[in-house]
Amino acid sequence: MEKNRKSIYILIFSNFLICLGIGLVIPVTPFIKNEFHYTTSQMGVMTSLFAFAQFVASPIVGRMSDKIGRKPVIVFGLFTYMISEFIFAIATTLPMFNLSRIIGGLSAAMVIPTSMALGSDLTTLKERAKVIGWLSAAFSGGLILGPGLGGILAGISYKTPFWVAGVLAITSCIFTQIFLKEGKETIEVEQKEEAKLNKNKSSIMSILTVPMVVLFGMILVSSFGLQGFESIYSIYVNQVFDFGLGTIALVLTLNGIISLILQVAAFNWLINKIGEVGLISYCFLLSAICVFWITQAHSHVSVIVATLIIFSSFDLLRPAITTLLTKSSKSNQGLINGMNMSLTSIGNVIGPLMSGALMDWNTHYPYMVVAVILAASYLLTFIVKRFPLATVQD
């Protein structure tokens, strides 16, 4: 891994940057909603369009990156991300905001799963959990630190964070083009796939074993619950507990610091101790309990503590599922990560739509439903434990 360390660092920064842009919008959603007099359902649609674009593009992009290489896909994704952020910065109408989120979803589909696939190309199976943990830390760190940075920059103007993100995007695009190198396994993977063409006519069918189908189903159900919570968090605590922009940014920034420490320092240790499935199980259970706790809370301290536990659980859950998937096959990494992102995006589309509609009906209904969904996801982990995910031989 030493000779590929520079490339891995570039991948980490690219993941962080993309998810920073996703997180930037979180603290300003209540204020966009109030300024333009949008409903929570309209804000849910705005969020869902990002995920819908990911869903459509991810499997196509994943397969493309297996064929033409990871680097050009990542570079173009960063350039597209810049366009998305600049459009959001100048938007004054709902269609413009929505267009920005669609383009942002396309950029995320190009950068995130492709970075995970390239990270797998650049590492051995033994090192993979550590590197995926780093990449996921960047993913979650950007997603969670984004609101904090967004809250600070929004003190100037709520559009300022998006101008800054656009400038960072083009900078990252240039550095990635110059310094990132492809994994040497990419060509080997293509040769292996060609050699297996008569034996396995469909690479998709070759990975759809029973435990993999259950795992993909768990990804779908869990992402629905996770995004159902995350997408309306700022609006929920603003309306129910009167959290201001500063408080929201502070809580999410504090959580980002905790999550980064957990992922960088503790993730690999936890995987070695209890395994991916064990960690996934505990994360679902804790998040289900704490989402329900928030609906019953009566103080800011209770809400903040529950929030820190929930988001920390989410931020360990994502890399655990991703690591489990990447260990399933040495080849088809682009396809597997693309399917992971695609299924996640389906849940990310439905979750905000559900939460936005339910919140217009009753403030607490979304989180009551999310708690049930996370509890159901916890039960699904027992099926995965019963049918261990064997590594596919390439």
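Everything below is about the structure shown above.
Residues numbered from 1 in each chain as written. Predicted model: local features only at pLDDT ≥ 70, side-chain atom pairs only at ≥ 80, totals over all residues. Heavy atoms only, no water.

Peer 1: Explain the overall build of the protein chain to me, using residue names and the numbers behind them.
Peer 2: Check the secondary structure of the protein chain and you find 15 helices and zero strands. Counting all 394 residues of the protein chain, 59% fall into the buried class. Carbon and sulfur atoms provide 70% of the accessible area of the protein chain, an area that totals close to 15600 Å². (Helix = DSSP H or I, 4+ residues; strand = E, 2+ residues; numbered from the N terminus. Buried < 20%, exposed > 50% of the residue type's maximum accessible area, 1.4 Å probe, protein only. Areas by Shrake-Rupley, 256 points an atom, 1.4 Å probe, with all protein chains shown as cover.)

Peer 1: Quick rundown of the packing of helix H4 (residues 70–90) against helix H5 (residues 94–121)? Include the residues and the values.
Peer 2: Two numbers describe how H4 lies on H5: the axes approach to 8 Å, and their chain directions differ by 155°. Classed by the angle they form, the pair H4 and H5 counts as roughly antiparallel. As for how H4 packs across H5, the hand of that crossing is left-handed. For the contact of H4 with H5, the residue count by class is 17 nonpolar, eight polar and three charged. (Axes fitted to C-alpha atoms, helices over the stretch in contact; angles between N-to-C directions. Parallel < 35°, antiparallel > 145°, perpendicular 65-115°, else oblique. Left-handed = near helix turned anticlockwise from the far one by under 90°. Nonpolar A, V, L, I, M, F, W, Y, C, P; charged D, E, K, R; others polar.)

Peer 1: Describe the packing of aromatic side chains, with residues and values.
Peer 2: Using the criterion set out here, one finds 17 aromatic pairs in the structure. Judged by centre distance (5.9 Å) and plane angle (80°), the rings of Phe229 and Phe314 are edge-to-face. Placement of the pair is Phe229 in helix H10 (residues 210–230) and Phe314 in helix H13 (residues 300–326), with a sequence separation of 85 residues. Judged by its relative accessible area of 0%, Phe229 falls in the buried class. (Phe/Tyr/Trp six-rings, centres within 6.5 Å; stacked < 30°, edge-to-face > 60°.)

Peer 1: Requested: an account of the nonpolar core, with residues and values cited.
Peer 2: Within the largest apolar cluster, 97 residues are counted, with the highest numbers of intra-cluster contacts made by Phe229 and Tyr233. Once residues lying within four places of it in the same chain are set aside, the contact partners of Phe229 are Val291, Ile294, Ile310, Phe311, Phe314, Tyr367 and Val370. In this structure, Ala57, Val61, Val73 and Ala109 belong to the second largest nonpolar core, which totals five residues. (Core = buried A, V, L, I, M, F, W, Y, C linked by side-chain atoms within 4.5 Å. Contact = heavy atoms within 4.5 Å.)

Peer 1: Report on helix H15 (residues 365–386), specifying residues and quantitative values.
Peer 2: In an α-helix, one full turn covers 3.6 residues, which means residues spaced three or four apart are oriented alike. Here H15 spans 33 Å end to end across 22 residues, near enough to the 32 Å set by a 1.5 Å rise per residue. Where H15 is concerned, the buried positions are Pro366, Tyr367, Val370, Ala371, Ile373, Leu374, Ser377, Thr381 and Val384. End-on view of H15: buried residues confined to an arc of 170°, all on one side of the axis. Exposed and facing more than 90 degrees away from the buried side of H15 are Val372, Leu379 and Arg386. (Expected span 1.5 Å × (residues − 1). Arc of directions from axis to C-beta.)

Peer 1: Tell me about the side chain of Thr80, and name the residues and values.
Peer 2: Within the secondary structure layout, Thr80 lies in helix H4. Take Thr80: its relative accessible area is 9%, and that puts it in the buried class. Within the structure, Thr80 has its side chain in polar contact with the backbone oxygen of Phe76 (distance 2.8 Å). Not counting the four nearest positions on each side in its chain, Thr80 is found in contact with Ile103, Ser107 and Met110. (Polar contact = N/O pair within 3.5 Å; in protein donor to acceptor, adjacent residues only side chain to side chain.)

Peer 1: Lay out unusual backbone geometry in plain terms, naming residues and giving numbers.
Peer 2: Of note, the phi angle at His37 is positive, near 60°, even though the residue is not glycine. As for its position among the elements, His37 is in the loop between helix H2 (29–36) and helix H3 (40–68). By relative accessible area, which is 69% here, His37 ends up exposed. For Asp242, which is not glycine, the phi torsion reads 60° and is therefore positive. Within the element layout of this structure, Asp242 appears in the loop between helix H11 (233–240) and helix H12 (245–296).

Peer 1: How would you explain the environment of Asn98 if you had to name every residue and give the values?
Peer 2: With respect to the helices and strands, Asn98 occurs in helix H5. Residue class for Asn98 comes out buried when judged on its relative accessible area of 15%. Spatially, the C-alpha atom of Asn98 lies 9.8 Å from that of Ile87, the residues being eleven residues apart in sequence. Setting aside residues no more than four positions away along its own chain, Asn98 makes contact with Met46 and Leu49.

Peer 1: Run through the environment of Val73, naming residues and quoting values.
Peer 2: Note that Val73 resides in helix H4. Of the residues examined, Val73 reaches a relative accessible area of 5% and is grouped as buried. Between the C-alpha atoms of Val73 and Met110, which are 37 residues apart in sequence, the distance is 5.9 Å. Aside from chain neighbours lying at most four places away, what touches Val73 is Val61, Ser65, Ile68, Met110 and Thr114.

Peer 1: Give me the lowdown on the packing of H4 against helix H7 (residues 160–179), citing residues and values where you can.
Peer 2: One way to put it is that H4 packs onto H7 with a least axis distance of 8 Å and a crossing angle of 165°. With respect to their mutual orientation, H4 and H7 come out roughly antiparallel. With respect to the hand of their crossing, H4 and H7 are arranged in left-handed fashion. Across from Lys71, Ile74, Val75, Leu78, Phe79, Tyr81, Met82, Glu85, Phe86, Phe88, Ala89 and Ile90 in H4, the residues of H7 making contact are Phe162, Trp163, Ala165, Gly166, Val167, Ala169, Ile170, Ser172, Cys173, Thr176 and Gln177. Of the residues contributing to the contact of H4 with H7, the split by class is 17 nonpolar, four polar and two charged.

Peer 1: Can you break down H2 residue by residue, with the values?
Peer 2: Among the residues of H2, Thr29, Pro30, Ile32 and Lys33 are the ones counted as buried. An end-on view of H2 places all buried positions within 165° of arc, on one side of the element. Lining the buried residues of H2 we find H3, H4, H5 and H11. Once H2 ends, the next one or two residues include His37, with phi positive near 60°.

All we've got here are geometric facts, nothing functional implied.
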